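Survey of secondary and tertiary structure
Given next are the chains, with one letter for each unit.
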Amino acid sequence: MWDDAFPSFLIGLREGLEAGLIVSVLVATLMRAGAGSRLPQVWTGVLAAIALSMSFGAVLTFTAASLSTTAQEAFGGALSIVAVAFVTAMVFWMRRSARGLAGEIKEKVTEALTMGAGVLVLTSFLAVGREGLETALFLWTTARAANESAGPMTGAGVGLVLAALLCWGLYRRVLRIDLTRFFTVTGAVLVVIAAGVLGYGLRDLQEGAVLPGGTAYAFDLSGSVDAGSWYSTLLQGVLNLTPAMTWLQVAGYAGYLAVVMTLFVGGVRGVRAVPGVRSRGNTTPPRPGSGSPDRPAGPVPARPVPARPRWLLPAAVVAVPALLAGLVVALAHPKPAAGETVAVSGTDCGRGFTAPKPGRQDFLMHNTGNQASEVYLIDPSSNAVYGEIEGLAPGTTRDLVATVAGGTYAWRCVPADGKAVTSKAVRVGGAAGAHAVVPVSERDLAAPLKAYRAYVDRGLATLVTQTRKLSGDIRAGHLDTARTDWLTAHRTYASLGAAYGTFEDFDQKIDGRPDGLPGGVHDKDFTGFLRIEYGLWHGEPAAGLGSVAQQLAEDSAGLRKAFPHQAFDPSDLPLRAHEILENTLQFELTGDTDQGSGTGLATADANLAGTRELLAVLRPLLTTRAPRLLPTVDADIARLQKLLDSAHHGTGWTPVDRLGRAAKARLDGATGQLLEDLSPVPDLLEVRKSA
């Protein structure tokens, strides 16, 4: 997405151009001094700086991955603040140092030529390394804010490539760019972007329990702003402005912007030169033989160095940062400590359990009883679950990996045919922060289940009326009207997706596919909506469809009568939140269920409506357990809905097989993203025996 890529594109372009100008000055100075043979030393330093920057990015990524959720928020928030400080310093440093930067680098190169290869490598390394480290930190921060890496990395890559092309053009004098104006404009834009990063970082620190005020909102427009709209996505991606912001975020954003932008604009008038700009209109570093007055009197003799393989130094400067990064990652992201063996049974639950050290732990759970058992690591005061094993068989041992932080822990063992047993609790010192899921009981799901059953009952009443009308249309021979009424009734049925598992045999009769039937679409057991669809869109006469339509109306009425007495497992609700759209992606968006009407996207739209209704009844439970999940899911739903709406033209829908490749990819991608973001729902709302 361009909204996620733009901040990284700008930082890649600006930082790449700064580093490129510095390298251009280094190269030009060597060439003018007649020391072209020393260029490999410059490129070795540049290569080392790039390796260090990439290694730094890897360290940030893997260090964050090894932390608990709360610690990740605090870590990311702190680095966001550091990134803002670096970007701010970079903007003002370029404005302040532009006039004399080229001269300073030339002096350093001249000194390095008299002191040996190592000093020249170090000079180019330090000159480029600062830009690389700033770029790595800012990219990591923007990728974390965007919650994905493809967009930011693509934007940065495009920016760096464009910066390299611009530097080449400037060096070869095939381009003329007003670099003073370029750095002024990009500096002002970066100040605005940095203000958004600061606001995002402050919010992370609040969610990481480092700063207070996490629930003190200055405004909350999430109920009235479409989070999936283009303007909302643009504001969030580029400026990190969200529909809901705390007072601390607003104060930090506005205060930074007011102070820094004022200082930046006030100092712009003093900038008259940038690296490589010696006079008005000249925007390129000097070329060999240009006769510059600061050219050394003659070639500077190089100190003889012992012969060694040319590849040795470049390989070393790349390998050393990578090895150091690997060492840091290994230390920061260790394997779970080989833990103690803990007994599991109806009488010995938790035997052998002692207070572990904070961090990721590997507990060896051994079932010493004679029944299979569920095992949970819990907080006994709240029953919150830190880790679990389902169905641990007698006499077997399995690993349970969990992150332990400050708090109270106990084991709960639930034998298949016995009562739950809870071990003695132990206390772990240190700060809190381990991620736990507050368990859900059937009582918690009772209200959502009642509300959803009422929704399904209303839908079935509507379905009965609509299928009777459809049957009447076909009996009367009004096939054009029947096609319209067929789609209306089918969409009603499709919107009841979370109840399919409860409908028993009625679902196959009402909406079964011909897959696996010996006669395919002509098989006598192929009935319901899809059979009628095949007939209506393949020219079958009304007389041949009358009995099928009548049977559909009777089956719909039978389902409505049976539904109040059918068993509806409360745990089905969280499962269906994900499965409805899984089926949509598998069947409707592939055209697999289409029997000729080309209305797969209409059915997908109804499935999305059913998912939205299901999430509405589950929202109170999800809000308390994963407050950041629903805003993300709501934005995903809005994005998918917009794509489906674009395929709806009056009373018609674009068939799936007539979608352009790009439109189909966007639709599949939006559905896949929604599925991914919905995937935690079953785990969050699982009915656990420990509850």
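Focus on the overall build of the protein
Tallying secondary structure elements over the protein gives 19 helices and 12 strands in all. Taking all 691 residues of the protein together, 49% fall into the buried category. Sequence separation of 24 or more characterises 77% of the internal contacts of the protein that already satisfy a separation of 6 or more. When the accessible area of the protein is evaluated, it comes to approximately 31,900 Å², of which 60% is carbon and sulfur surface.

A few points about the packing of aromatic side chains
Applying the stated rule across the entire model yields 11 aromatic pairs. Arranged with centres 6.4 Å apart and planes meeting at 90 degrees, the rings of Y452 and F568 form a pair that is edge-to-face. A residue pair is termed long-range when its members are at least 10 positions apart, and Y452 in helix 10 (residues 446-475) and F568 in the loop between helix 14 (542-562) and helix 15 (572-586) qualify at 116 residues. Residue Y452 shares its accessibility class with F568, and that shared class is buried. Aromatic pair W486 and F529: ring centres 6.5 Å apart, planes at 75 degrees, arrangement edge-to-face. Highlighted residues: W486 in helix 11 (residues 479-494) and F529 in helix 13 (residues 528-536), separated in sequence by 43 residues.

Some words on the nonpolar core
Y452, V456, F503, I532, L601, L614 and L622 are the most contacted members of the largest nonpolar core, which totals 68 residues. Top element by residues in this core is helix 16 (residues 600-625). It accounts for 10 residues. Here I532 is in contact with L470, I474, W486, L545, V548, A549 and L552, once residues within four sequence places are set aside. The next biggest cluster of nonpolar side chains, apart from the first, holds 23 residues, and it includes I11, V91, I193 and L202.

Things to note about the environment of V437
Residue placement: V437 occurs in the loop between strand 10 (426-428) and helix 10. For V437, a relative accessible area of 15% corresponds to the buried category. Spatially, the C-alpha atom of V437 lies 5.2 Å from that of A384, the residues being 53 residues apart in sequence. Not counting residues within four places of it along the chain, the set of residues in contact with V437 comprises N383, A384, V385, D683, L684 and R688.

Points about helix 17 (residues 629-645)
Here helix 17 spans 24 Å end to end across 17 residues, near enough to the 24 Å set by a 1.5 Å rise per residue. Inspection of helix 17 places L629, L630, V633, A635, D636, I637, A638, L640, Q641 and L644 among the buried residues, and these make up the whole buried set. Taken together, the buried residues of helix 17 touch helix 16, strand 11 (648-649), strand 12 (652-653), helix 18 (661-678) and helix 19 (681-684).

Some thoughts on the state of the cysteines
Across all of its chains, the model carries one disulfide by this definition. Linked covalently through their sulfurs, C349 and C413 form a disulfide whose S-S length is 2.1 Å. Note on the C349 and C413 pair: the S-S dihedral is about 80 degrees, so by sign convention the disulfide is right-handed. Placement of the pair is C349 in the loop between strand 3 (337-344) and strand 4 (359-367) and C413 in strand 8 (residues 407-415), with a sequence separation of 64 residues. With respect to class, C349 is no different from C413; both count as buried.

Side note on the pattern of salt bridges
Tallied over the full model, the rule gives 13 salt bridges. R576 is the salt-bridge partner of E579, the closest N and O atoms lying 2.6 Å from each other. Of this pair, E579 and R576 both sit in helix 15, three residues apart, roughly one helical turn. For R576, a relative accessible area of 13% puts it in the buried group. Three or more residues joined by partner-sharing salt bridges are found here, namely K469, D473 and D485.

Considerations on the confidence of the model for the protein
Looking at the protein, the pLDDT average stands at 78 and 73% of residues meet or exceed 70. For the protein, the element scoring lowest by mean pLDDT is helix 9 (residues 312-332), at 55; helix 11 scores highest, at 96. Note that residues 270-303 has pLDDT below 50 and, in this model, 70 contacts with residues that lie over four places away or in other chains.

Notes on the pairing of strand 8
With eight of its nine residues buried, strand 8 lies for the most part within the structure. Summarising the sheet, strand 5 (residues 373-379) and strand 8 pair through six bridges and their orientation is antiparallel. Along strand 8, the bridge assignment pairs I378 with A410. By the bridge criterion, three bridges tie strand 8 to strand 10 in an arrangement that is antiparallel. Each bridged residue has a counterpart across the sheet, and for G407 the counterpart in strand 10 is V428. Inspection of the sheet shows strand 8 paired to strand 9 (residues 421-422) by two bridges, in the antiparallel sense. Residue pairing across strands places C413 opposite V421, the latter belonging to strand 9. Counting the residues that bridge the hairpin from strand 8 to strand 9 gives five residues.

Quick look at unusual backbone geometry
One non-glycine residue, N383, lies in positive phi territory at about 65 degrees. Mapped onto the elements of the fold, N383 is located in the loop between strand 5 and strand 6 (384-392).

As for the packing of helix 10 against helix 14
Two elements in contact, helix 10 and helix 14, have axes whose closest approach is 8 Å; the angle formed by their N-to-C orientations is 165 degrees. By the angle class used here, helix 10 and helix 14 are roughly antiparallel. The handedness of the crossing between helix 10 and helix 14 comes out as left-handed. Contacts between helix 10 and helix 14 involve L460, A461, L463, V464, T467, R468, L470, S471, I474 and R475 from the first element and A542, L545, G546, A549, Q550, L552, A553, S556, A557, L559 and R560 from the second. Taken together, the residues of the contact of helix 10 with helix 14 sort by class into 13 nonpolar, five polar and three charged.

As for helix 15
In this model, helix 15 (15 residues) spans 20 Å end to end at C-alpha, consistent with the 21 Å of a helix rising 1.5 Å per residue. The largest bend in helix 15 is about 30 degrees, located at H578. Three or more residues of helix 15 are buried, namely D572, L573, P574, R576, A577, H578, I580, L581 and T584. Those residues of helix 15 that are buried lie in contact with helix 10, helix 16, helix 18 and helix 19.

Conventions used here
Residues numbered from 1 in each chain as written. Predicted model: local features only at pLDDT ≥ 70, side-chain atom pairs only at ≥ 80, totals over all residues. Heavy atoms only, no water. Helix = DSSP H or I, 4+ residues; strand = E, 2+ residues; numbered from the N terminus. Buried < 20%, exposed > 50% of the residue type's maximum accessible area, 1.4 Å probe, protein only. Contact = heavy atoms within 4.5 Å. Areas by Shrake-Rupley, 256 points an atom, 1.4 Å probe, with all protein chains shown as cover. Phe/Tyr/Trp six-rings, centres within 6.5 Å; stacked < 30°, edge-to-face > 60°. Core = buried A, V, L, I, M, F, W, Y, C linked by side-chain atoms within 4.5 Å. Expected span 1.5 Å × (residues − 1). Disulfide = S-S within 2.5 Å. Salt bridge = Lys/Arg side-chain N within 4 Å of Asp/Glu carboxyl O. pLDDT = per-residue confidence, 0-100. Pairing = 2+ DSSP bridges. Axes fitted to C-alpha atoms, helices over the stretch in contact; angles between N-to-C directions. Parallel < 35°, antiparallel > 145°, perpendicular 65-115°, else oblique. Left-handed = near helix turned anticlockwise from the far one by under 90°. Nonpolar A, V, L, I, M, F, W, Y, C, P; charged D, E, K, R; others polar. Bend = angle between axes of the 7 residues up to and from the residue.

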